[in-house]
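The lines below spell out each chain.
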Amino acid sequence: MAKVLVVTSGKGGVGKTTTTAALGSALAQSGQTVVVVDFDVGLRNLDLVMGAERRVVYDLINVVQGVCKVPQALIRDKRIDTLSLLPASQTRDKDALTAEGVAAVIADLRGKFDWVICDSPAGIERGATLAMRHADAAVIVVNPEVSSVRDSDRIIGLLDSKTERAEMGERVEKHLLIARYDAARAARGDMMTIDDVLEILSVPLLGIVPESEEVLRASNLGTPITFGSPASAPAVAYFDAARRLAGEDVPMSIPSDKKGIFDKLFGRRAA
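In this report, we go over the structure that sits alongside the text. In this numbering scheme, every chain counts its residues from 1 along its sequence in written order. Since the coordinates come from a predicted model, pLDDT governs what is reported: local features require at least 70, and pairs of side-chain atoms require 80 or more to be given and counted, while whole-chain, interface and lining totals use all residues. With hydrogens and water set aside, each side-chain value is computed from the structure's full complement of heavy atoms.

## Some thoughts on the pattern of salt bridges
As a reminder, the rule being used: For this analysis, a salt bridge means a side-chain nitrogen from Lys or Arg found within 4 Å of a carboxyl oxygen belonging to Asp or Glu. Note on exposure labels: buried denotes an accessible area under 20% of the residue type's maximum, exposed denotes more than 50%, and partly exposed covers the range between, all computed with a 1.4 Å probe on protein chains only.
One pass over the full model with this rule turns up 18 salt bridges. Among the ionic pairs, Arg79 bridges to Asp77, the shortest N-O distance being 2.7 Å. The class for Arg79 is partly exposed, based on a relative accessible area of 37%. According to the relative accessible area criterion, Asp77 is buried, its value standing at 10%. Across the pair Asp190 and Arg188 runs a salt bridge whose closest N-O atoms are separated by 3.0 Å. Look at Arg188 and you get exposed, because its relative accessible area is 56%. In this structure, a network of salt bridges that share partners links the residues Arg110, Asp136, Arg165 and Glu170.

## Some remarks on the sheet that holds strand E4 (residues 83-86)
Spelled out, the test is: When DSSP finds at least two bridges between two strands, those strands are taken to pair. We count a stretch as a helix when DSSP gives it H or I for four or more residues in a row; a strand needs E for two or more, and each element gets its number in order from the N terminus. Contacts between residues were defined by any pair of non-hydrogen atoms, one from each residue, lying within 4.5 Å. Between N-to-C directions, angles span 0 to 180 degrees; the directions come from axes that are lines fitted to C-alpha atoms, helices contributing only their stretch in contact.
Judged by pairing direction, the sheet is mixed, and its eight strands sit side by side in the order E3-E4-E2-E5-E1-E6-E7-E8 without closing on themselves. The sheet terminates laterally at strand E3 (75-76) and strand E8 (205-210), the two strands that pair on one side only. Direction of pairing for strand E7 (residues 173-181) relative to E8: parallel, over a ladder of four bridges. Residue pairing in the sheet places Leu176 in a bridge with Leu205 of E8. Of the strands in this sheet, strand E1 (3-8), strand E2 (34-38), E4 and strand E5 (115-119) are in contact with helix H5 (residues 99-110), which crosses E5 at around 145 degrees. Packed onto the sheet, helix H10 (residues 194-201) meets strand E6 (137-142), E7 and E8 and runs at close to 150 degrees relative to E7.

## Quick look at helix H13 (residues 233-245)
Given 3.6 residues to a turn, an α-helix orients residues that are three or four positions apart in the same direction. The condition is simple: To estimate the expected span of a helix, count its residues, drop one, and scale the result by 1.5 Å.
Relative to the 18 Å expected for 13 residues at 1.5 Å per residue, H13 spans 18 Å between its end C-alpha atoms, a close match to the ideal helical length. In terms of burial, H13 is a largely internal element, ten of the 13 residues being buried. Those residues of H13 that sit buried are Ala233, Pro234, Ala235, Ala237, Tyr238, Asp240, Ala241, Ala242, Arg244 and Leu245. Looking one or two residues beyond H13, the residue adopting positive phi is Gly247, at roughly 100 degrees.

## Description of the environment of Arg79
What counts here: Here a polar contact is recorded for every N or O atom pair within 3.5 Å, except that within protein the pair must consist of a potential hydrogen donor and a potential acceptor, and residues adjacent in sequence are included only if both atoms are side-chain atoms.
Position of Arg79 among the secondary structure elements: in the loop between E3 and E4. Taking the C-alpha atoms as reference points, Arg79 and Gln29, 50 residues apart in sequence, are found 9.9 Å from one another. Other than its neighbours up to four places away in sequence, Arg79 contacts Met50, Gly222, Thr223, Pro224 and Phe227. A distance of 2.7 Å separates polar atoms of two side chains, one belonging to Arg79 and the other to Asp77.

## What to know about the pairing of E6
In terms of burial, E6 is a largely internal element, six of the six residues being buried. Burial along E6 is two-sided: the face carrying Ala137, Val139 and Val141 and the face carrying Ala138, Ile140 and Val142 are both buried. In the sheet, E1 pairs with E6 via four bridges, with the strands oriented parallel. Residue pairing for E6: Leu5 is matched across the bridge by Ala137. Note that E6 and E7 share six bridges and pair parallel. The residue bridging Val139 from the neighbouring strand is His175, located in E7.

## Some remarks on unusual backbone geometry
Backbone geometry places Arg180, a non-glycine residue, at a positive phi of 60 degrees. Here Arg180 is to be found in strand E7. The class for Arg180 is partly exposed, based on a relative accessible area of 41%. Even without being glycine, Ser202 reaches a positive phi, approximately 50 degrees. The residue Ser202 is located in the loop between H10 and E8 in this model. With relative accessibility at 61%, the residue Ser202 sits in the exposed group.

## Description of the nonpolar core
Note the cut-off: To qualify as a nonpolar core, a set must consist of buried Ala, Val, Leu, Ile, Met, Phe, Trp, Tyr and Cys residues joined through side-chain atoms within 4.5 Å.
Ranked by size, the top nonpolar core spans 50 residues in total, and within it Phe39, Leu86, Leu97, Leu109 and Val116 carry the most contacts. Considering each element in turn, this core owes the most residues, five residues, to helix H7 (residues 146-159). Filtering out sequence-adjacent residues up to four positions away, Leu86 remains in contact with Val35, Val36, Val37, Asp38, Asp59, Leu60, Val63, Ala73, Leu74, Val105 and Leu109. Membership of the second largest hydrophobic core comes to 37 residues, among which are Val14, Ala22, Ala26 and Leu85.

## Structural notes on helix H11 (residues 213-221)
Rule in force here: The arc under discussion is defined with respect to the helix axis, by the directions toward the C-beta atoms.
Of the positions making up H11, those classed as buried are Glu214, Val215, Ala218 and Ser219. Axial view of H11: buried residues confined to an arc of 135 degrees, hence all on one face. Every exposed residue of H11 that faces more than 90 degrees away from the buried side is listed here: Glu213, Leu216, Asn220 and Leu221. At its buried positions, H11 is contacted by helix H1 (16-29), helix H2 (46-49), helix H12 (225-228) and H13. Capping of H11 at its N-terminal end is provided by Ser212; its side-chain oxygen lies 3.0 Å from the backbone amide nitrogen of Glu214. Note on H11: the residue one or two positions beyond its end, Gly222, has a positive phi of about 70 degrees.

Purely geometric stuff here, so don't read any function into it on its own.
Rendered as structure tokens:
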């Protein structure tokens, strides 16, 4: 049976979809079977980041409403056959999702994969609560800024009250992933430090992903960072985070994406 993981946050634009694609790809590259599910109905960005936008025929809403079966809507990744995508609808709104339909889809996927990773819309509205409803674990993505951290505190409250596990008196396993971190800016006081974030949220730290142009470039190319630039600092951070999710004891470090002046000059000349 699969482990259901929701990737969530209180604030939009923090890197949830990038994280869903990167963690899903990293777990699939380790040999586990993974499906990433886009719950951001009406926007549908996960298929773009995965490079599968032209292959979408059916979507999550079609499955929930019985228009098609789960296997018909799943898109298998062309780079690795242990990774699949269940896209969201771009033309419907979140009211088209029903609690019963989502429960049936998640139950079906549990029997087919090792991991079901749900890419949640930002905030605390219906789409977000449905995305986390059946979660066994959650990755809360934050940027090191006050508004992102404060909004994520609300999400932690929802995970402890609005999930199936919470209703049974159990806890959703929670992990914190800090994205777009810049150690130099944190040292200058331009953004929160790791300790500042952890002191406020009190959630176990899963990983620290540095601010990097590689992430944006990979997203624009439709390639998860762990495929497109596997040796880059963000990819290494995501690989380590995936290993921690799988139960490995991986030392935590603060990564840097800084390059030397000669690397920068060489890169400009090569370009």
